[in-house]
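# Summary of the model geometry
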Amino acid sequence: MTDLIPMTALGATEPRRETHGALTLVENADLALASLTLRRGQSAPSPFGLTLPPAGQAVSGADAGAFWIGRDQWMIEGPGQGAADFCARVLAEAPACSVSEQTDGFTAFEITSSGGGGFVEPLLAKLVNLDPKGFTPGSVVRTNLEHMSVFLLRRSDDHLAVIGMRTYAQALWHALATAARGWGGR
């Protein structure tokens, strides 16, 4: 019998990490995700003590985060909980909502800058068609990056998260690493 070995979305046993000048890309293999949708007439719950954010916004707390994905819909994040039954935890926090597991369907890449937001903004401008000056910390958008649909979250001035479909993990990493090589050292 063969032992099963956990693999990251990029096909390794450990998350990939690359540094290009001031920019560091890290595969966030331990981020749990669950979608939360309100049912008709339901008011928004406060899972993990979070106030669910309005359109185009994200929030984070000590144990979880949330970002808006559509009318009465949010993605709930569980940092460091990728191997846990995160969906069950979200459902326990919001039992009247429709909750579905998303961890294995998506992959997350975190981009940080040791040089501040001045390196993240040109990278954003290179990757997607949005005004990086208006994409401030706490902002989220679903957009296209090359041929892929992704969520972009501006976690802080010097931190950007890119969450895309797991089936596109290699192509997404390639696009991000190529862009980072071009802007990281400038």
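Reading the values: the criteria
All residue numbers refer to position in the chain's written sequence, counted from 1. Where totals are concerned, whole chains, interfaces and linings use all residues; where local detail is concerned, this predicted model gives features only for residues with pLDDT of at least 70, and gives and counts side-chain atom pairs only at 80 or more. Hydrogens and water molecules were not included; the side-chain quantities draw on all heavy atoms of the structure. Put simply, DSSP H or I for four residues or longer makes a helix, DSSP E for two residues or longer makes a strand, and each gets a number counted from the N terminus. The reference for a compact globule is 2.2 Å times residues^0.38; the radius of gyration itself is calculated from the C-alpha atoms. Polar contact criterion, stated in full: a pair of N or O atoms within 3.5 Å, where within protein one must be able to donate a hydrogen and the other to accept it, and residues adjacent in sequence count only if both atoms are side-chain atoms. Between any two strands, pairing holds if DSSP finds at least two bridges. Here an angle of 0 to 180 degrees is reported between the N-to-C directions of two axes, which are lines fitted to C-alpha atoms, with helices fitted over the stretch in contact. The contact definition used throughout considers only heavy atoms, calling two residues in contact when any of these lie within 4.5 Å. For this analysis, a salt bridge means a side-chain nitrogen from Lys or Arg found within 4 Å of a carboxyl oxygen belonging to Asp or Glu. Buried, partly exposed and exposed residues are distinguished by accessible area as a fraction of the type maximum, computed with a 1.4 Å probe on protein chains only: under 20%, between the cut-offs, and over 50%, respectively. The definition of a nonpolar core used throughout is a set of buried Ala, Val, Leu, Ile, Met, Phe, Trp, Tyr and Cys residues joined through side-chain atoms within 4.5 Å. In what follows, roughly perpendicular refers to angles from 65 to 115 degrees, roughly parallel to angles under 35, roughly antiparallel to angles over 145, and oblique to any angle outside these ranges. In this scheme, a crossing is called left-handed if the near helix is turned counterclockwise away from the far one by less than a right angle; it is called right-handed if the turn is clockwise.

Let's shift gears to the overall build of the chain. Each helix and strand in the chain was counted, giving three helices and 11 strands. Each helix and strand of the chain, ordered N terminal to C terminal, gives the series β-β-β-β-β-β-α-β-β-α-β-β-β-α. Here the chain has a C-alpha radius of gyration of 17 Å; the compact-globule value for 186 residues is 16 Å, and the two agree. By its C-alpha atoms, the chain is 55 × 50 × 30 Å across when sized along the principal axes.

By the element assignment, T103 lies in the loop between β7 (98–101) and β8 (106–113). Among the polar contacts made by the side chain of T103, one reaches the side chain of E101 at a distance of 2.4 Å.

Strand pairing within a sheet occurs via backbone hydrogen bonds; the two strands may be parallel or antiparallel. As summarised here, the arrangement of the six strands in space is β1-β2-β8-β11-β10-β9, forming an open sheet in which the pairing is antiparallel. This sheet does not close on itself; its edge strands, each paired only once, are β1 (17–20) and β9 (140–145). Averaged over all pairs of adjacent strands, the angle between their axes in this sheet comes to 25°, without regard to strand direction. Direction of pairing for β1 relative to strand β2 (residues 23–27): antiparallel, over a ladder of four bridges. Each bridged residue has a counterpart across the sheet, and for H20 the counterpart in β2 is L23. With respect to the sheet, helix α2 (residues 117–127) is in contact with β2, β8, β9, β10 (148–156) and β11 (159–165), its orientation differing from that of β10 by roughly 165°. Packing against the sheet, helix α3 (residues 169–183) makes contact with β1, β2, β8, β9, β10 and β11, and its axis sits at approximately 170° to β2.

Let's shift gears to the environment of A169. The residue A169 is located in helix α3 in this model. Remark: the alpha-carbon pair of A169 and S60, spanning 109 residues in sequence, is separated by 24 Å. For A169, the residues in contact, after removing those within four places along its chain, are A9, L10, T107 and F109.

With that settled, the discussion passes to the pattern of salt bridges. Evaluation of the coordinates by the stated rule reveals six salt bridges. Close ionic contact of E121 with K133 constitutes a salt bridge, the shortest N to O distance being 2.9 Å. With E121 in helix α2 and K133 in the loop between α2 and β9, the pair connects residues that are 12 residues apart, well separated along the chain. One salt bridge connects R154 with E121, and the closest N-O pair in it is separated by 3.7 Å. Taken together, the residues span a long stretch of sequence, with R154 in strand β10 and E121 in helix α2 at a distance of 33 residues. An identical accessibility class is assigned to R154 and E121; each is buried.

It is characteristic of soluble globular proteins that their nonpolar side chains tend to be buried jointly. Within the largest apolar cluster, 28 residues are counted, with the highest numbers of intra-cluster contacts made by I111, L145, L152, L160, V162, L172 and L176. For this core, the secondary structure elements donating two or more residues are β2, β8, α2, β10, β11 and α3. In terms of residue count, the dominant contributor to this core is α3 (eight residues). Leave out the neighbours within four places in its chain, and L145 touches L127, V128, V150, V162, L172, A175 and L176. Of all hydrophobic cores here, the second largest spans 17 residues; its members include A32, L38, L50 and L52.

Two elements in contact, α2 and α3, have axes whose closest approach is 10 Å; the angle formed by their N-to-C orientations is 130°. Taken together, the axis directions place α2 and α3 in an arrangement best described as oblique. Classified by chirality, the crossing of α3 by α2 is right-handed. Packed against α2, whose contacting residues are F119, P122, L123, K126 and L127, the element α3 presents A175, L176, A179, A180 and W183 at the interface.

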